[in-house]
Amino acid sequence: LPSSSFHYEKIIHLHQDIWLAKNAIVKSRLLVQSGTVHAQRVFARKTIGRRLNATEARSFLVENHLWGATKAKYHYGLYRQKPPKENKKRRRRPRR
């Protein structure tokens, strides 16, 4: 059978307390899951790993994750690399 004939359904369990507490995060995840919005992919080779202090890690986790922050001995984050600066060399015109 061709792949277009298959129908795919996904059940999503949504808890009321999470919906009320973290509404923006839940909406964002639902939009991505439904295919309405496409998340921007960042490839690993374009990132840099860096160790975080507990304050940075906690604020990120509370802001971006449904279950909030957890206790951990070490915290690491991935950051996008800055694009390399363009090399502005003077171009020479080819000889005729």
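Residues numbered from 1 in each chain as written. Predicted model: local features only at pLDDT ≥ 70, side-chain atom pairs only at ≥ 80, totals over all residues. Heavy atoms only, no water.

### Considerations on the overall build of the protein chain
Heads up, the condition is: The way it works is that DSSP assigns letters per residue, a run of H or I at least four long becomes a helix, a run of E at least two long becomes a strand, and they are numbered from the N terminus. In this analysis, two residues are considered to be in contact whenever any of their non-hydrogen atoms come within 4.5 Å of each other. Per-residue and other accessible areas follow the Shrake-Rupley method at a 1.4 Å probe size, with only the shown protein chains counted as cover for residues.
Across its full length, the protein chain carries 3 helices and 2 strands. Mapped in sequence order, the helices and strands of the protein chain form the string α-α-β-α-β. Across the protein chain, contacts joining residues at least 24 apart in sequence account for 62% of those joining residues at least 6 apart. With the model as given, the accessible surface of the protein chain reaches about 10,300 Å², and the carbon-plus-sulfur share is 54%.

### With respect to the side chain of His 75
As for its placement among the helices and strands, His 75 is situated in strand β2 (residues 75–80). If we skip the residues at most four places from it in the chain, His 75 touches Arg 50, Arg 51, Leu 52, Asn 53, Ala 54, Ala 57 and Thr 70.

### Thoughts on helix α2 (residues 23–34)
Note the cut-off: For a helix, the expected span equals 1.5 Å multiplied by the number of residues minus one.
Taking 1.5 Å as the rise per residue, α2 with 12 residues should run 16 Å; its terminal C-alpha atoms sit 16 Å apart, in good agreement. One or two steps after α2, the chain reaches Gly 35, where phi turns positive at roughly 85°.

### A short note on the confidence of the model for the protein chain
What counts is decided by this rule: The pLDDT score gives, residue by residue, the confidence of the prediction method on a 0 to 100 scale.
Per-residue confidence for the protein chain gives a mean pLDDT of 84; residues scoring 70 or more make up 85%. Ranking the elements of the protein chain by mean pLDDT puts α2 last, at 89, and strand β1 (residues 47–52) first, at 94.

### Observations concerning the side chain of Thr 47
Mapped onto the secondary structure, Thr 47 falls in strand β1. Apart from the residues within four sequence positions on either side, Thr 47 is in contact with Val 42, Leu 78, Tyr 79, Arg 80 and Gln 81.

### Quick look at a nonpolar patch on the surface
Heads up, the condition is: Patch members must show over 30% relative accessible area and no salt bridge, and they are joined within 9 Å when carrying like charges or within 5 Å when they are nonpolar side chains of Val, Leu, Ile, Met, Phe, Trp or Tyr. Within this document, salt bridges are pairs made up of a side-chain nitrogen of Lys or Arg and a carboxyl oxygen of Asp or Glu, the two lying within 4 Å of each other.
Together, Leu 31, Val 32 and Val 37 make up a nonpolar patch on the protein surface, roughly 210 Å² of accessible area in all. Mapped onto the secondary structure, Val 37 falls in the loop between α2 and β1.

### Some details on the pattern of salt bridges
With the rule as written, the count across this model stands at 1 salt bridge. In this structure, the salt-bridge partner of Glu 56 is Arg 50, at a minimum N-O distance of 3.8 Å.

### Quick notes on the packing of aromatic side chains
Which entries qualify depends on this criterion: Centres within 6.5 Å are what make two rings of Phe, Tyr or Trp a pair, Trp counting through its six-membered ring; a difference in plane orientation under 30 degrees is then read as stacked, over 60 as edge-to-face, and the rest as tilted. Two thresholds decide whether a charge sits over a ring: the Lys NZ or Arg CZ must be within 6 Å of the ring centre and within 35 degrees of the ring normal.
Considering all chains together, one arrives at 0 aromatic pairs under this definition. The ring of Phe 43 is capped by Arg 45, whose NZ or CZ atom sits 5.3 Å from the centre of that ring.

### A short note on the environment of Gly 77
With respect to the element layout, Gly 77 can be found in strand β2. Along the primary structure Gly 77 and Thr 47 are separated by 30 residues, whereas in three dimensions their C-alpha atoms are 9.6 Å apart. When sequence neighbours within four positions are dropped, the list of residues in contact with Gly 77 reads Ile 48, Gly 49, Arg 50 and Leu 52.

### Details of the environment of Leu 52
The criterion, for reference: Note on classification: 1.4 Å probe, protein chains only; a residue is buried when its accessible area is under 20% of the maximum for its type, exposed when over 50%, partly exposed between these limits.
Within the secondary structure layout, Leu 52 lies in strand β1. Residue class for Leu 52 comes out buried when judged on its relative accessible area of 14%. When near neighbours in sequence (up to four residues on either side) are disregarded, Leu 52 contacts Ala 57, His 75, Tyr 76, Gly 77 and Tyr 79.

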